[in-house]
Amino acid sequence: MDDLFTDRSIRDRIMDRPAIEALGNGAAGNGAQTLIGCDLEGADLSRLDLSGWIFERCTLRRADLAGARLERTVWRSCRGAFANFTGCDLSEAAFAASDFNNGSMKRATLEAARFTGCKLTGVDFSESRALDLHFEETLLINAKLAGRSFHKAKLLRLDFSQADLRKCDFRMASFEDCSLRDAVVDGARFEGADLRGADLGGIRLDDASRFRGATISRAQAAQLLSEVGLKVS
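About the cut-offs
Residues numbered from 1 in each chain as written. Predicted model: local features only at pLDDT ≥ 70, side-chain atom pairs only at ≥ 80, totals over all residues. Heavy atoms only, no water. 1 Å grid on protein atoms, 1.4 Å probe; cavity = no way out; pocket = protein on both sides within 12 Å on 5 of 7 lines; lining within 4 Å. Points joined across faces, edges and corners; volume = space filled by probe spheres on them. Helix = DSSP H or I, 4+ residues; strand = E, 2+ residues; numbered from the N terminus. Nonpolar A, V, L, I, M, F, W, Y, C, P; charged D, E, K, R; others polar. Pairing = 2+ DSSP bridges. Phe/Tyr/Trp six-rings, centres within 6.5 Å; stacked < 30°, edge-to-face > 60°. Buried < 20%, exposed > 50% of the residue type's maximum accessible area, 1.4 Å probe, protein only. Lys NZ or Arg CZ within 6 Å of the ring centre and 35° of its normal.

## Regarding the layout of surface pockets
In step 1: Volume-wise, the largest pocket comes out at about 230 Å³.
In step 2: If you go around the largest pocket, the residues you meet are A130, L131, D132, L133, H134, F135, S149, F150, H151, A153, K154 and L155.
In step 3: Every element with two or more residues in the lining of the largest pocket is listed here: β7 (134-136) and β9 (154-156).
In step 4: In terms of residue class, the lining of the largest pocket is made up of seven nonpolar, three polar and two charged.

Take a look at the structure:
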């Protein structure tokens, strides 16, 4: 019975691939682990099965997780600038209050993954599979999100400034306290979207035509016209 109350988490260790493998990944049958305050900076964790693992306050700067199985993983208050998640499976993963600036999630599977209160500046989501991907209160400045669907999504406190949003689907989406400042929106669709809660600064008037069918405020309309030197009286 005591085992039910035993804390099996791994705390405050420097971890490399052999150390992770020694804990037993999914293939070894020892089940998911919880790492708290561990240092995995630069670790090669590529192609490991870490499904269901929990990472809390861990450092993963430049860690290589390419091709890893990371389904249902939890990432809380982690720091992982330039981490490589290329081609990994992050289905149903949950990220909270974590910083993965300039990381790569190219070709990753992100179905039903959630990012809340995260910093994802410069992250590359190119060619990712992202059905039901959810962002909330997250920085996506200069992120590569081309082709992503936000159809009917409720977007809350997302900063898309300077992001690559080419061919994104924002139809019927609502924006609350968001920013599209200087974003690249070529080919994006906004029909039926409510943009009144979005900062449209820096959007060129020719790009503004892509907002046809969306709802904007009078102040936003004046802002778009001011970009070409026109004033609304």
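## Some words on the sheet that holds strand β1 (residues 10-11)
In step 1: Read from one edge of the open sheet, seven strands run β1-β2-β3-β4-β5-β6-β7, paired in parallel fashion. The open sheet has two edge strands with one neighbour each: β1 and β7.
In step 2: Taken together, the three bridges between strand β5 (residues 94-96) and strand β6 (residues 114-116) define a ladder with parallel strand orientation. Residue F95 lies in a different strand from β6, and its bridge partner there is F115.

## Considerations on the packing of aromatic side chains
In step 1: Applying the stated criterion to the full structure yields 19 aromatic pairs.
In step 2: Aromatic side chains F150 and F170 sit 5.0 Å apart centroid to centroid with 5 degrees between the ring planes, which places their arrangement in the stacked category. Separated by 20 residues along the polypeptide, F150 in the loop between β8 (138-139) and β9 and F170 in the loop between β10 (158-159) and β11 (174-176) bring together distant segments of the chain.
In step 3: A relative accessible area of 6% means that F150 is categorised as buried.
In step 4: Both rings, one in F190 and one in F211, keep their centres 4.7 Å apart while their planes meet at 85 degrees; by these two values the pair is edge-to-face. Of this pair, F190 sits in the loop between β12 (178-179) and β13 (198-199) while F211 sits in the loop between α2 (205-208) and α3 (218-226), placing them 21 residues apart in sequence. Side by side, F190 and F211 carry an identical accessibility label, which is buried.
In step 5: Of note, R62 hangs over the ring of F82, and the distance from its end group to the ring centre comes to 4.3 Å.

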